[in-house]
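Here is how the chains run, residue by residue.
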Amino acid sequence: MKQSFLSVTILLILITDPLGNIPLFISSLKHVPGARRPFVILRECAIAFLVLVGFLFFGHVFLGALGLSDQILRISGGVILFLIALNMIFPGTGGRLVEDEVEGEPFIVPVAIPLIAGPSAITYVMLLMKSDPSRSLEWVGAIFAAILVTMVAFFLSGKLKEWLGPRALSAIERLMGLVLTAIAMEMLLGGLAQYLGNLPRYA
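Read on for an overview of the structure. Remember, it's a predicted structure, so these values are computed and weren't measured experimentally.

### Points about unusual backbone geometry
Step number 1: With omega at 5°, the peptide bond leading from V109 into P110 counts as cis.
Step number 2: Here P110 is to be found in the loop between helix 4 (70-89) and helix 5 (111-116).
Step number 3: Residue D17 is not a glycine yet carries a positive backbone phi of 50°.
Step number 4: Accessibility expressed as a relative area gives 4% for D17, which makes it buried.
Step number 5: Within the chain, I108 stands out as a residue other than glycine whose phi angle is a positive 70°.

This is how it looks when you write it as structure tokens:
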């Protein structure tokens, strides 16, 4: 099934989960002076964008060096995404990417990686390039749009937390988790089907 630019952008936004990451982001910048926070947000979003674009174009080289197949990438990506989605729906039961609090100013870790450019996002962009390399500029645009949404959410994080409140943010995160669960299962089952289909058959 051919994916549109809009569907890829929306899926990347769901995977990066800017609204759900607001509490962790606020905690990560707890010790950063207010005047410096805009610079930190811009820097971390730029690093996350470069990381995702780097894996978009050179992820296949990394996979080739490790001897990993596309099927294994889809299966492992589906498992990681499912664990993250599970944690979004039932906090504390699935995969947690970052700690609640970070001492000092964050640099690359944990905001750029893995809060924004996490393993599921990296896996997804590599699969995108593998599915249709001719649309690489579209994929770069989708990554940029998703990072832009994340950046806006981080800039407005304080106001959003105040306006929506913890319950609304939690409800939104759970809803995104439900959507990601379905996407994770599609990736996992699709990868398994490809892997089993490529197994040698004996008469």
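Next comes the rest of the write-up.
### So, a nonpolar patch on the surface
Step number 1: A cluster of nonpolar side chains, namely F62, L66, L68, I72, M185, L189, L192, Y195, L196 and L199, defines an oily patch on the protein surface of about 880 Å² accessible area.
Step number 2: Of all the elements, helix 8 (residues 157-197) adds the most residues to the nonpolar patch, at five residues.

### Some words on the environment of I172
Step number 1: Relative to the helices and strands, I172 is located in helix 8.
Step number 2: Sequence separation between I172 and G34 is 138 residues; the distance between their C-alpha atoms is 27 Å.
Step number 3: Leaving out residues up to four positions away in the same chain, I172 has contacts with L19 and L164.

### Here we look at helix 8
Step number 1: When the terminal C-alpha atoms of helix 8 are compared, their 46 Å separation across 41 residues is substantially less than the 60 Å that a helix rising 1.5 Å per residue should span.
Step number 2: Its axis deflected by about 95° at G165, helix 8 carries its strongest bend there, up to four residues before the proline P166.

### What about the packing of helix 1 (residues 5-16) against helix 6 (residues 119-131)?
Step number 1: Running from amino to carboxyl end, helix 1 crosses helix 6 at an angle of 160°, the nearest separation of the two axes being 9 Å. If you check the angle between helix 1 and helix 6, you find them roughly antiparallel. Every pair of crossing elements has a handedness; the one defined by helix 1 and helix 6 is right-handed. Taking contact as the criterion, the partners of V8, L11, L12 and I15 in helix 1 are, on helix 6, S120, A121, Y124, V125 and L128.
Step number 2: Taken together, the residues of the contact of helix 1 with helix 6 sort by class into eight nonpolar, one polar and no charged.

### Some details on the nonpolar core
Step number 1: Ranked by internal contacts, the top residues of the largest apolar core, which has 52 residues, are L12, L52, I143, I147 and L180.
Step number 2: Looking at this core, the elements that each hand over two or more residues are helix 1, helix 2 (22-28), helix 3 (37-66), helix 4, helix 5, helix 6, helix 7 (136-155) and helix 8.
Step number 3: No other element matches the eleven residues that helix 3 contributes to this core.
Step number 4: Apart from the residues within four sequence positions on either side, L52 is in contact with A117, A121, I122, V125, I143 and I147.

Conventions and cut-offs
Residues numbered from 1 in each chain as written. Predicted model: local features only at pLDDT ≥ 70, side-chain atom pairs only at ≥ 80, totals over all residues. Heavy atoms only, no water. Helix = DSSP H or I, 4+ residues; strand = E, 2+ residues; numbered from the N terminus. Buried < 20%, exposed > 50% of the residue type's maximum accessible area, 1.4 Å probe, protein only. Patch = residues over 30% accessible without salt bridge, like charges linked within 9 Å, V, L, I, M, F, W, Y side chains within 5 Å. Areas by Shrake-Rupley, 256 points an atom, 1.4 Å probe, with all protein chains shown as cover. Salt bridge = Lys/Arg side-chain N within 4 Å of Asp/Glu carboxyl O. Contact = heavy atoms within 4.5 Å. Expected span 1.5 Å × (residues − 1). Bend = angle between axes of the 7 residues up to and from the residue. Axes fitted to C-alpha atoms, helices over the stretch in contact; angles between N-to-C directions. Parallel < 35°, antiparallel > 145°, perpendicular 65-115°, else oblique. Left-handed = near helix turned anticlockwise from the far one by under 90°. Nonpolar A, V, L, I, M, F, W, Y, C, P; charged D, E, K, R; others polar. Core = buried A, V, L, I, M, F, W, Y, C linked by side-chain atoms within 4.5 Å.

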